[in-house]
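Here is what each chain is made of, one letter per residue.
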Amino acid sequence: VQLQASGGGLVQAGGPLRLTCAVFGRTFSRYAMGWFRQAPGKEREFVASISWDGGKALFSDSVKGRFTISRDNTKNTVYLQMSSLKPEDTAVYYCAADPDGYYRTPSVAGAYEYWGQGTLVTVSS
């Protein structure tokens, strides 16, 4: 299974940005998917996760109400729509797959088996 994150870039504070994670695997529709981020000098932290069918989602308190997560199982893709971005959202964003996730929405990095390479989001003030 391979994950490829894209969509990062430079954006002004208050603006939107959408990240995309393409998953190359045979049973993507079974996977719970998550997004994590790591800012310079900080540990990787949970951002959002979504169940296999998109019916459940979980967000960190720091992004709740500003970010949404969605997926298209016909395209093996998961999205992170970010709005009202803040400079503190600056980080490398990683998508991750939990192949046994099904209805789960894991928030712990250890629950995920596969990781993408990361895409850098920089929010200027």
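Above this text is the structure in question.
With that out of the way, let us pick up the overall build of the protein. In terms of regular secondary structure, the protein is built from 0 helices and 11 strands. Reading the secondary structure of the protein in the N-to-C direction produces β-β-β-β-β-β-β-β-β-β-β. Relative to a compact globule of 125 residues, whose C-alpha radius of gyration would be 14 Å, the protein shows 13 Å and is just as compact. On the principal axes, the C-alpha backbone points of the protein span a range of 40 × 25 × 25 Å. Looking at the protein as a whole, 43% of its 125 residues are labelled buried. As displayed, the protein offers around 6,300 Å² of accessible surface, 49% of which is attributable to carbon and sulfur atoms.

Let us now look at the nonpolar core. In terms of nonpolar packing, the biggest core is built from 29 residues, with Met 33, Trp 35, Leu 80, Met 82 and Tyr 93 touching the most fellow members. Counting residues per element, the ones that place at least two in this core are β1 (2-6), β3 (17-24), β4 (32-38), β5 (45-50), β7 (67-72), β8 (77-82), β9 (91-98) and β11 (119-124).

With that settled, the discussion passes to the pairing of β9. Counting buried positions along β9 yields 7 of 8 residues, so the element is predominantly enclosed. By the bridge criterion, 7 bridges tie β4 to β9 in an arrangement that is antiparallel. Each bridged residue has a counterpart across the sheet, and for Gln 38 the counterpart in β9 is Val 92. One ladder, built from 2 bridges, connects β9 with strand β10 (residues 114-115); its direction is antiparallel. Bridge pairing in β10 links Ala 96 to Trp 115.

How each quantity is defined
Residues numbered from 1 in each chain as written. Predicted model: local features only at pLDDT ≥ 70, side-chain atom pairs only at ≥ 80, totals over all residues. Heavy atoms only, no water. Helix = DSSP H or I, 4+ residues; strand = E, 2+ residues; numbered from the N terminus. Rg over C-alpha atoms; globule rule 2.2 N^0.38 Å. Buried < 20%, exposed > 50% of the residue type's maximum accessible area, 1.4 Å probe, protein only. Areas by Shrake-Rupley, 256 points an atom, 1.4 Å probe, with all protein chains shown as cover. Core = buried A, V, L, I, M, F, W, Y, C linked by side-chain atoms within 4.5 Å. Pairing = 2+ DSSP bridges.

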